[in-house]
Every structure is written in C-alpha cells, then in structure tokens.
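Remarks on the overall topology
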Amino acid sequence: MTAAGATDTFEVPGLSAPVEILIDRWGVPHLYAGSRADLFLAQGVNAARDRLFQIDLWRRRGLGLLAEVFGPEYAEHDRAARLFLYRGDMAAEWASYGPDAERVTTAFVRGINAFVAFCRERREHLPPEFRLLDYEPAYWQPADVARIRSHGLHYNLHDEVERARTMRDFGPEVEDLRKVREPAHTLRVPEGLDLSVIPDDVLRVYRMATTPPWAPQAPRQGIDGSNNWVLAPSRTATGRPVLANDPHRAVTLPALRYLAHLSAPGLDVIGAGEPALPGVSIGHNGRLAFGLTIFPIDQEDLYVYRTDPADPKRYAYGAGWEAMTKVTETIPVRGGEPVTADLWFTRHGPVIDERPDRDAAFAVRAAWLEPGMAPYLGSMDYMGATGPDAFVAAMERWGAPGENQVYAAPDGTIGWRPAGRVPVRRGWDGTLPVPGDGRYEWDGHHPVGALPSLRDPADGWFATANQLNLPDDYPHVERTVTHDWYAPHRHERIAEVLAARSDWTVADCVALQNDYVSLPARRMQPLLAGLTSDDPRVAEGLQLLRDWDAALDADSAAAALFEIWYRRHFRAELLRQALRRLLPAERVAAALARVLPAEDATADARVDLSLLLDPGDRLGPDPDAVIRTAVLTTLGPAMAETGRLLGPDTGTWRWGTLHQAHLHHPLAKLFGEQASDWSSVGPAPRGGSGETVSATSYGPGFRQTGGASFRLVVDVGAWDESLVMSTPGQSGDPASPHYRDLFDTWAADGAFPLLYSREQVEKHTTRRITLVPGGTTGE
C-alpha cells in the first residue's frame, strides 16, 4: 500500500477496481466496492488503519508469539496459547463456515498485510505503541484468523472445577450456597473420579491461554452476559419491528468491537464485529436485522487421567494404556534464546497439568477446538441472509460460542433461534470433571434443530439475557445444554418493562438498555419494613433504603449504600449464618471465602435471594429472626464504610462517585509517562451493577470492568433511524479524532445514528478515502 497523490488516496495491491471509504462524523467507515473480493480486502485495510496495534496484539496473543516482542517472561503464556490453537484439517475448517469463508478471509488478510507493508515503509504512520515498544507489526496468514480460538467466551470449565473443589472440601450442601444450578439438579460425583486428586491450580495453564497476561481477573469478572430483544409491529409506535442488542463484555481501550458498513453487489451490511475478523456479527443488511447474546452451552470438560507410574506420559484408557501425543514447537524470544516447548495431548485435547506424584494428568476437551468453531467467524454465513428462513438455515452451521440469535424483518417477522454445538453426553451431565478412561465420551453433537426456537410470538416481543430460557417441557436430561445459566434478573426486568406498553420507539429501547433498576434490591426492601434501631446511623440507613426506588443511578445516595451493604456486608453475614448450620465453626471462614470470594463482585445473587425469600431450614428454626438480626448488625458497619468513602453527610453520597468507568490501554504500565496523555480514558461516574439491565460489573475497587461497551437498536425498515453506541471510539490510534470521542456520550447513556442510506452517509461524511489498485505488499 503506497500513497499516490492526494492525501486520502492510496494504492492497494490486489484490488481490481477502486473502493470508496466514507467516514462519518462518529468515525464509522462506509465501504463501497464493486465486488465482494475488493470489499473484504478493503475491510482488512480499513481495520488495520484504525486498529493495527490492537489486532496485531490479538494475533500475537492467540498464536503464542508474545515473547517474540515482549521478552522471556511471556514464553509461558505463549506455550499455553499454542496448546489451544486449532490443529485440525484446514479444508474441513474453512468448509464449516460456508463456501466463501476462505476467500473472504484471504482477501481480508491481504488488506491487513497491505496496510502493514505501508506502515513498515513509512514508519511515521505506525501507531505509537510500535514505536514505544520498538517492534513492527507482523504479516498475517489467512489461517491465523481461523486457528486462534482462545479469545472467545469460555467459562464452563471454571464452573466444573470450582464445583469439584467445593464438593471436595466442604460437600454438596456448601456448593448449593455457592452457585445455583438450573434446572434444579442433584450433583453426583462421576464413578471413578477421585476429587482429591484435582489440584487447586489445575486451570492455571488454561487461564493463561484464555486470559490476557496483562489483565488477570476473576473468571466471570467483567462479563455479565448480554441483552437482546425483538418487538413486533403491534408493540411499536411506528408499526415497524425493532431489534435491540447490547452485548456485555470487558470495557476496554481501544473498544472491543468495531462498527463498519460493507457494501458491494449482493451485500449491503452494517453493524459491529471484532476488528480482527471479516464481516459483522450484529447489525442489519437492509433486509434483516440480527443480534446475539450468549446461550451458555456447556462445551467444555476436564478429563482426569490415571497415569502409568512407570511412564507418566501414558494414561489408562479402556483395558490398557494409551500414549499422549507430543508436539514440539519453538517459541522465539526477544533478547534471549528461543524456547523449546513440548505440548502434550490426549485423545480428548491438550494436557494442562500433570502430577506424577499422584499418577494423574488433566486435559481439556472443548467443542471450540473442533472445525468450524472459531469465535464469531460463522457470522460470515448469515450476515447476508435475505430473510428469516435463510438466517435460520445459516444457524444450523453455527458453532461457537453458543448464541441466542434474534432477528427481525421489514415484513414484521420477528424470531429467536438459539444455536451452537451441544455435546451428547450419554449417562452423564458435564457438571463435574470426569475420568478420562473411556467411560465418559462425547457421542457427537445434538442437531441445532433439536433446540427450541420461536417465530412471531403471541406476546409480540421476545427477549434474552443469558437466563434459562428453554421451555418447561424441554428434555434437560436427554439433551442437557448446561446447568450454569446466568441469573434471571436482567431478563425479568426487561420483560416487566416490555410487557407494560405497546408504543415502543427506538429511543425507548435505548433507555431500557440503560435501565439501572436492581431487582435484587427491590426484592430485599420488604425485609426492611418494620425494622427499627436505637443507633441513629442504622435508623438513617434503614430510612434511606426504604424510601429508595431501587434504581442504582449514578447520583443516588441509597444506591451507594445498598451496593456497599449488600455486597460487602449483608450477603457475607447471611451466608455465614447458613454455613454455621452445615460445618464446624472452625471451617466456616474458609467455606465463606469459597462461596463468596473477595476478588469476585459478581457472586450469584440467586443464592442470597433464595435464602431470604425461601429459606426453609437453611437459616435455622426462625429464619425471620436471623434475617432481621443480619440486617441490623450489618447496616451499621456498611453506613460507617460508606461514610469513610464518601464523607459523613449522606446528602452528598453518590454511587457514581465510587462506581466509575476508567478505561486503560492494556499495556499502559509498559508505556509509563510516555503515553500518559492517551493510555487511559475517563474516569466517568456510572450507575448500575452486575444485576441491572445496564450491567456495569465491577471489582473490589468499584471501577467498572464490564458491561455494554456496544449497544444497537435497529428501526427495521427505516434503517437510518437506528441508534448505536461503541465506547470509547472507533479508532485505536491515539492520534485519531475518533480515539475517545464517544466516551462521554456513552457514559451519559447516549447514542448516535447508525446511518445506512448513501444519501444520509454523504450528509455526515467528514473524511473520504479512496483505495485504488497498485503498489506492492512489501512481504
């Protein structure tokens, strides 16, 4: 890629004809090409133009090439990442995504490489991270996009292991206080499994592979799931369908997602995807709108092996021993000698831990390591769907992650189609690790069509929020999806609000996406009725919480008190009282640390509410007295802590003073003062929590770690009336005006138009780029 005359005209090798890129005032690029091949090549150029360092880091982390530029301390992370690369047949891999996947990805990667070559030739165009860290962006291979699997949403393995650890140390009754299983399910330790052999850190390598080394975090911290809903014409003010989607992920700098409009003969799609992938996964194509939330299929299992004392690289299988397979790779290391890494695999998957002293080894079986399971790459097969039937048909081929896909068409059709590969586990359920001796094998996958779906619901609307949404008659035993669904509070609040009216507008849906009402708080308020205290601070706290509307608004004093009281005082006391009835006194503290880990502010609120609203005998013969005492004994310390944090005058308390969004570049610590003016964005006060529709999860320091960094509401049929938001901005280049220009609007719960028609795009264009054939790749 070379400059050719005018500032915004560039020569790009491989193009067959010019491509126009119109960038609107919000930084959204609208790409117009004469062919699909040119379109996706241009998408690669444009993705690199705005997000080069981010996608280069994505590639390095996924392929296990961090040590090559960051030094020897990253070699262990590189080895872990390489364990979880796709290593199967690439022909089967490409075919899984549809007939155009390899061609599209190849064109996209050629575009990235063209921009990489341009920056290598003209280093003044390199993003500052490369200059600060003194290395150049790498060239890509098309297979890189498909082989990288460890950036997806993977979490079921954590549930299995935490469940096993808790049962091992404290028993199933304590596990019931740690996490709710839905539907209700009695845990049984699989025959042949010795829980005591599973080490506490068995997932250390797995976590290194699936978590950025610069951002260690609790398994679920920063990920509260997502919301989406569709409204039929009978439910809207305009008589047109509406689709809303706000996926919740870690709130990052640069943004996780990237908005783009891709237009060529036969395809005119706009929406968001991940910048290192071709196409878009959430948006509309002028004929259909589509959006997704996680449908939490259990696609992972931990296998526990009995290894041969005479040869720890052999494990018992069937009637004999089976040898592990070794793959040896060389990890390049900056400033040091290359590291030789031996990667070991069993028939089930990568070996993540070995304990010869216990004659044990552990491996992961993951559906997402199979062909066609690169996260979100399957969106290329549905983003051009001409209508609902074509979209649903494409879902038959969707692999990972499991998704609740909703869709809406201009003719008024709305629907829901969950999709993803559900392993067949005959005679076992996947809730706990299993022996790897052959008794617990997957028997293929259930067909996607075996999952329920819905079109044109009688109520005129349908919503998902990662909750258990299978019908009452679904055969959970025969076709287990998971027992680890997300809490239903967000969905219940969405359902309450959607069902209340039939004149919904796009702006109303944006407001609902930013709703901060806490259903756990509302359900706890009746417990405060009639309580009194001689302590004036406790009495003041009771009154503050009783008079509150249960909305965790950023400017609310009661919201600040509730979050501190509920999360840091009351729930711990309530669980402590329940644990006292199960365990000897000397074991209660350790059990409490397990069921309510201090580093994880997203503990399962369903447990707390169950103890409060349906305690049974878990709190003893007089649960009401236990609850009253827990309220009164914890509210005083909570008032004191809130006072220490926000001052003695409750009239000045604000939840947003504590709970703030402050985004940091992932490598900010490496840059130091050299990048202090652009390596963070914020802070800004925020409302909400992990239990509100606008999910704004946070850790021990109250800083928002996750939530809806991207939101979309589509006016189906009047496409230019759609609204969108992506924070902090479209660009990952600190020199761009679109690096942080959307942050303040996002923090204020705002949105901007997602323009679709060429006429409207032209009216709001602030920069034009023309890509023309020519130049060399420089590879």
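Residues numbered from 1 in each chain as written. Predicted model: local features only at pLDDT ≥ 70, side-chain atom pairs only at ≥ 80, totals over all residues. Heavy atoms only, no water.

What to know about the overall build of the protein chain
Helix and strand content of the protein chain: 23 helices and 32 strands. A globule of 779 residues ought to have a C-alpha radius of gyration of about 28 Å, and the protein chain, at 26 Å, matches this closely. Principal-axis analysis of the C-alpha atoms places the extent of the protein chain at approximately 80 × 70 × 55 Å. For the protein chain, the residues scored as buried account for 64% of the 779 residues in total. Sequence separation of at least 24 residues holds for 73% of the intrachain contacts in the protein chain that already meet a minimum separation of 6. Carbon together with sulfur atoms contributes 50% to the accessible area of the protein chain, which is approximately 27,200 Å² in total. When the 79 positive and 104 negative side-chain charges of the protein chain are each reduced to one mean point, those points stand 1 Å apart. (Helix = DSSP H or I, 4+ residues; strand = E, 2+ residues; numbered from the N terminus. Rg over C-alpha atoms; globule rule 2.2 N^0.38 Å. Buried < 20%, exposed > 50% of the residue type's maximum accessible area, 1.4 Å probe, protein only. Contact = heavy atoms within 4.5 Å. Areas by Shrake-Rupley, 256 points an atom, 1.4 Å probe, with all protein chains shown as cover. Lys, Arg positive; Asp, Glu negative; His and termini not counted. Charge placed at Lys NZ, Arg CZ, Asp CG, Glu CD.)

Concerning the side chain of Arg 235
Here Arg 235 lies in the loop between β5 (226-231) and β6 (242-247). Of the side chains bearing the opposite charge, Asp 459 lies closest to the buried Arg 235, which forms no salt bridge; the N-O distance is 5.5 Å. Of the polar contacts made by the side chain of Arg 235, one reaches the backbone oxygen of Arg 501; its length is 2.9 Å. If sequence neighbours within four positions are ignored, Arg 235 has contacts with Asp 459, Gly 460, Trp 461, Leu 498, Ala 499, Arg 501, Ser 502, Asp 503 and Trp 504. (Salt bridge = Lys/Arg side-chain N within 4 Å of Asp/Glu carboxyl O. Polar contact = N/O pair within 3.5 Å; in protein donor to acceptor, adjacent residues only side chain to side chain.)

Overview of the packing of helix α16 (residues 557-580) against helix α17 (residues 585-595)
Packing of α16 against α17 leaves a shortest axis separation of 10 Å and a crossing angle of 130°. Our classification of the angle between α16 and α17 gives oblique. Note on packing geometry: the crossing formed by α16 with α17 is right-handed. Each of Ala 572, Leu 575, Arg 576, Leu 579 and Arg 580 in α16 lies in contact with α17, whose residues at this interface are Val 588, Ala 591, Leu 592 and Val 595. Residue composition of the contact of α16 with α17, grouped by class: seven nonpolar, no polar and two charged. (Axes fitted to C-alpha atoms, helices over the stretch in contact; angles between N-to-C directions. Parallel < 35°, antiparallel > 145°, perpendicular 65-115°, else oblique. Left-handed = near helix turned anticlockwise from the far one by under 90°. Nonpolar A, V, L, I, M, F, W, Y, C, P; charged D, E, K, R; others polar.)

Description of the packing of aromatic side chains
Applying the stated criterion to the full structure yields 30 aromatic pairs. When the ring of Phe 70 is compared with that of Tyr 135, the centres are 5.9 Å apart and the planes differ by 90°; the resulting orientation is edge-to-face. Of the two residues, Phe 70 is situated in helix α2 (residues 67-70) and Tyr 135 in the loop between α6 (128-133) and α7 (142-147); the sequence distance between them amounts to 65 residues. In this structure Phe 70 comes out as buried when scored by relative accessible area, which is 11%. Seen from the ring of Tyr 566, Arg 571 lies directly overhead, with NZ or CZ sitting 4.7 Å from the centre. (Phe/Tyr/Trp six-rings, centres within 6.5 Å; stacked < 30°, edge-to-face > 60°. Lys NZ or Arg CZ within 6 Å of the ring centre and 35° of its normal.)

Observations regarding helix α12 (residues 489-498)
Counting buried positions over the ten residues of α12 gives eight, a clear majority of the element. Within α12 the residues assigned to the buried category are His 489, Arg 490, His 491, Arg 493, Ile 494, Ala 495, Val 497 and Leu 498. In this fold, the buried residues of α12 make contact with β5, β25 (461-464), α13 (506-513), α14 (519-524) and α18 (605-613).

Details of helix α15 (residues 536-546)
Among all positions of α15, only Val 538, Gly 541, Leu 542 and Leu 545 are buried. The arc enclosing the buried residues of α15, seen along the axis, measures out at 100°, which places them on a common side. Of the surrounding secondary structure, the elements contacted by the buried residues of α15 are α16 and α19 (623-646). Regarding α15, its N-cap is Asp 535, as a side-chain oxygen of that residue lies 2.9 Å from the backbone nitrogen of Arg 537 further along. (Arc of directions from axis to C-beta.)

Concerning the sheet that holds strand β31 (residues 752-753)
Here six strands make up an open sheet; going across it, the order is β25-β5-β6-β29-β30-β31 and the pairing antiparallel. Only two strands of the sheet have a single partner each, and these edge strands are β25 and β31. Seen against the sheet, α13 touches β5, β6, β29 (710-715) and β30 (723-726) and runs at an angle of roughly 155° to β29. (Pairing = 2+ DSSP bridges.)

Brief notes about the side chain of Ser 694
For Ser 694, the location among the structural elements is in the loop between β27 (680-685) and β28 (706-707). Taking the relative accessible area as the measure of exposure, Ser 694 reaches 6% and is therefore buried. Look past the residues within four positions of Ser 694 in its chain and what remains in contact with it is Gln 513, Asn 514, Asp 515, Tyr 516, Gly 688 and Ser 689.

What about the pattern of salt bridges?
Overall, the coordinates contain 59 salt bridges when judged by the stated rule. Close ionic contact of Asp 56 with Arg 60 constitutes a salt bridge, the shortest N to O distance being 3.5 Å. With Asp 56 and Arg 60 both in helix α1 (residues 36-63) and four residues apart, the pair spans about one turn of that helix. Overlapping salt bridges bring together Glu 162, Arg 165, Arg 168, Asp 169, Asp 200 and Arg 594 as one network.

Examining the nonpolar core
Ranked by internal contacts, the top residues of the largest apolar core, which has 178 residues, are Phe 70, Phe 84, Ile 198, Ile 352, Phe 362 and Leu 771. Tallying contributions element by element places α1 first for this core, with 13 residues. Discounting chain neighbours no more than four positions away, the residues touching Phe 84 are Arg 149, Tyr 206, Ala 209, Pro 350, Ile 352, Val 364, Trp 368 and Leu 369. (Core = buried A, V, L, I, M, F, W, Y, C linked by side-chain atoms within 4.5 Å.)

Digging into the environment of Pro 356
Examined against the element boundaries, Pro 356 turns out to sit in the loop between β17 (351-355) and β18 (360-366). The exposure class of Pro 356 is partly exposed, given its relative accessible area of 48%. Sequence separation between Pro 356 and Pro 312 is 44 residues; the distance between their C-alpha atoms is 6.1 Å.

Focus on the pairing of β5
Most of β5 is tucked away: six of the six residues are buried. As paired elements, β5 and β6 share six bridges and run antiparallel to each other. Bridge pairing in β6 links Asn 228 to Asn 245. Bridge count between β5 and β25: four bridges; the pairing is antiparallel. The residue of β25 that forms the bridge with Val 230 is Phe 462.

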